[in-house]
Amino acid sequence: MESVIKWQIGEPIISGAEYIITDKHSHIGTDFWTGKCWLCYNKEDVLAWCLLVDINPYKPIKNDERNKI
């Protein structure tokens, strides 16, 4: 199963939501946007973000479907 994260830059528009972020040190983590700043990360360190609810959860492949791959 392929999963694609659609990274965005700039300031998020939804305050209080949880995001997956990547920072200038190549770390990936989660954080909350307060509307003015990130709760845990320095605003200047965050390079890109994606709203966490926009990421599709993993769905196991059934045995009969696995044989088709």
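For the structure, see preceding data.
Residues numbered from 1 in each chain as written. Predicted model: local features only at pLDDT ≥ 70, side-chain atom pairs only at ≥ 80, totals over all residues. Heavy atoms only, no water.

J.: What is the right way to read the side chain of D23 from this model?
T.: With respect to the helices and strands, the residue D23 is situated in strand β1 (residues 18-23). The buried charged residue D23 lacks any salt bridge partner; its closest oppositely charged side chain belongs to K24, at an N-O distance of 8.7 Å. A distance of 2.9 Å separates a polar atom in the side chain of D23 from the backbone nitrogen of H27. Not counting residues within four places of it along the chain, the set of residues in contact with D23 comprises Y41, D45, V46 and L47. (Helix = DSSP H or I, 4+ residues; strand = E, 2+ residues; numbered from the N terminus. Buried < 20%, exposed > 50% of the residue type's maximum accessible area, 1.4 Å probe, protein only. Lys, Arg positive; Asp, Glu negative; His and termini not counted. Salt bridge = Lys/Arg side-chain N within 4 Å of Asp/Glu carboxyl O. Polar contact = N/O pair within 3.5 Å; in protein donor to acceptor, adjacent residues only side chain to side chain. Contact = heavy atoms within 4.5 Å.)

J.: How should the side chain of D45 be read in this particular structure?
T.: Looking at where D45 falls in the secondary structure, it is placed in the loop between β2 (28-32) and β3 (46-51). The residues contacting D45, other than those within four sequence positions of it, are T22, D23, K24 and H25.

J.: I would appreciate a short explanation of the pairing of β2 in the present structure.
T.: In summary, the side chains of a regular strand alternate between the two faces of the sheet. Where burial is concerned, the two faces of β2 differ: the one with G29 and D31 is buried and the one with I28, T30 and F32 is not. Where β1 folds back on β2, the antiparallel hairpin that results is connected by four residues, among which S26 adopts a positive phi of roughly 65 degrees. (Pairing = 2+ DSSP bridges.)

J.: How should the sheet that holds β3 be read in this particular structure?
T.: Within a beta sheet, neighbouring strands are joined by backbone hydrogen bonds and run either parallel or antiparallel to one another. The strand order across the open sheet formed by three strands is β2-β1-β3, and the pairing between neighbours is antiparallel. Whereas interior strands pair on both sides, the edge strands pair on one side only; in this sheet they are β2 and β3. Sheet twist, expressed as the average angle between the axes of neighbouring strands with direction ignored, equals 35 degrees. Pairing geometry for β1 and β2, over five bridges, is antiparallel. Paired with E18 across the strands is F32, a residue of β2. (Axes fitted to C-alpha atoms, helices over the stretch in contact; angles between N-to-C directions.)

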